[in-house]
Amino acid sequence: MHSYPEPALDLVARMTEAAVADPARAVALQGAPGCNSHRAALEHDPQCLPLPCFSFEDALDAVKDGRADRAIIPIENSQHGRVADIHFLLPESGLSIVGEHFMRIEHALMALGDGPFSAAYSHPQGLGQSRRYLRERGIVPMAYADTAGAAAFVREQGDMAACAIAPKLAAGLYDLKIVEENVEDAADNTTRFVVLAREPLDPFALKGEKAMTTFIFEVKNIAAALYKALGGFATNGVNMTKLESYQIGASFAATTFYADIEGAPGEPRIDMALQELAFHCKYVRPLGTYRQARARG
């Protein structure tokens, strides 16, 4: 908790106390109070008790340890790509994806005064999503651990030439003036969050609903292995909405893949596609089946 700027510490302490008293309602998130994950948690479950954590690992540990029922983690942004290294963090955590949430990102420029500003603090994603805005005004981007933490830092420093790019929620929490709203470069800027829990959802409980299934896999080290492994999804009419590769270890000899598909185990076409995938892989590891939050297409 000491890693947060001073203006955020009291808020973190109060929110943590409330979450500890009712862990069944607690949702762990990375960032200071007022960050986009804070806003996403309240949008996804207005009755939840947000539990701020300094890092993604801390948020996952809070669920593993029973201090929170769930965690909500951003994994990709429509404008700036991957957010969190969920590929590494989630398999190691032992948690399962039980939901997803899409949130329109609206960044505000906030400060102690009206400017001019020489530096803007925010999470690297926030800076990347507002790159054009900052460049046009000659404001130097300065990376910080999270968006709301950057707002608390600007309040703590008392520097009139510094500003923060953060959700409007943060301005109210840290008594900053909103100089300009919607400073993000793209009007359709959207972040996808996943909701994680200790126990997976039963795929059969989602029968008749639009579902997503997420898994990781490693193909055998033979020619055309990936082509053959993915063929079952095409022949069985399964829509794969996400496929990313990443390396584990330093050998660079084996590639692991992270995938999202539409559908749930228990559906014949899904079962057949996954069986064919497994035949061509060293392993396939499910990370969760959950309700689809928005239509893909």
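Coordinates for the structure precede this section.
Residues numbered from 1 in each chain as written. Predicted model: local features only at pLDDT ≥ 70, side-chain atom pairs only at ≥ 80, totals over all residues. Heavy atoms only, no water.

**Observations concerning the overall build of the protein chain**
Then, number 1: Counting its regular elements, the protein chain contains 10 helices and 15 strands.
Then, number 2: For a compact globule of 297 residues, the expected C-alpha radius of gyration is about 19 Å, and the protein chain comes in at 21 Å, within 12% of that figure.
Then, number 3: Counting only C-alpha atoms, the protein chain reaches 60 × 45 × 40 Å along its principal axes.
Then, number 4: A total of 297 residues make up the protein chain; the buried ones form 51% of that total.
Then, number 5: Here the contacts in the protein chain between residues at least 6 apart in sequence split such that 74% fall between residues at least 24 apart.
Then, number 6: Total accessible area computed for the protein chain in this model is approximately 13,500 Å², and 53% of it derives from carbon and sulfur atoms.
Then, number 7: Averaging the locations of the 28 positively and 37 negatively charged side chains of the protein chain gives two centres separated by 5 Å. (Helix = DSSP H or I, 4+ residues; strand = E, 2+ residues; numbered from the N terminus. Rg over C-alpha atoms; globule rule 2.2 N^0.38 Å. Buried < 20%, exposed > 50% of the residue type's maximum accessible area, 1.4 Å probe, protein only. Contact = heavy atoms within 4.5 Å. Areas by Shrake-Rupley, 256 points an atom, 1.4 Å probe, with all protein chains shown as cover. Lys, Arg positive; Asp, Glu negative; His and termini not counted. Charge placed at Lys NZ, Arg CZ, Asp CG, Glu CD.)

**A few points about the sheet that holds strand β9 (residues 162-166)**
Then, number 1: Strand order in this open sheet of 5 strands is β8-β7-β9-β6-β10, and the pairing throughout is mixed. Edge positions in the sheet fall to β8 (140-143) and β10 (177-181), since each of these pairs with one other strand and no more. Taking each pair of neighbouring strands and ignoring which way they run, the sheet shows an average axis angle of 30°.
Then, number 2: Sheet topology places strand β7 (residues 119-122) next to β8; 4 bridges connect them, and they run parallel. Residue pairing in the sheet places alanine 119 in a bridge with valine 140 of β8.
Then, number 3: Here helix α7 (residues 147-157) sits on the sheet in contact with β6 (108-111), β7 and β9, set at roughly 155° to β9. (Pairing = 2+ DSSP bridges. Axes fitted to C-alpha atoms, helices over the stretch in contact; angles between N-to-C directions.)

**Remarks on the pairing of strand β2 (residues 49-53)**
Then, number 1: Counting buried positions along β2 yields 5 of 5 residues, so the element is predominantly enclosed.
Then, number 2: Burial along β2 is two-sided: the face carrying Leu49, Leu51 and Cys53 and the face carrying Pro50 and Pro52 are both buried.
Then, number 3: The pairing of strand β1 (residues 26-30) with β2 spans 5 bridges and is parallel. Bridged to glutamine 30 within β2 is cysteine 53.
Then, number 4: Crossover handedness for the path β1 to helix α2 (residues 36-44) to β2: right-handed. (Right-handed = clockwise from strand over helix to strand, strands pointing away.)

**Observations concerning helix α9 (residues 225-235)**
Then, number 1: Among all positions in α9, only Ala225, Ala229, Gly232 and Phe233 are buried. Down the axis, α9 shows its buried residues gathered within 105° of arc, on one side only. In this structure, α9 carries Tyr227, Ala234 and Thr235 as exposed residues pointing more than 90 degrees from its buried face.
Then, number 2: Of the residues flanking the end of α9, it is glycine 237, one or two places downstream, whose phi is positive at about 70°. (Arc of directions from axis to C-beta.)

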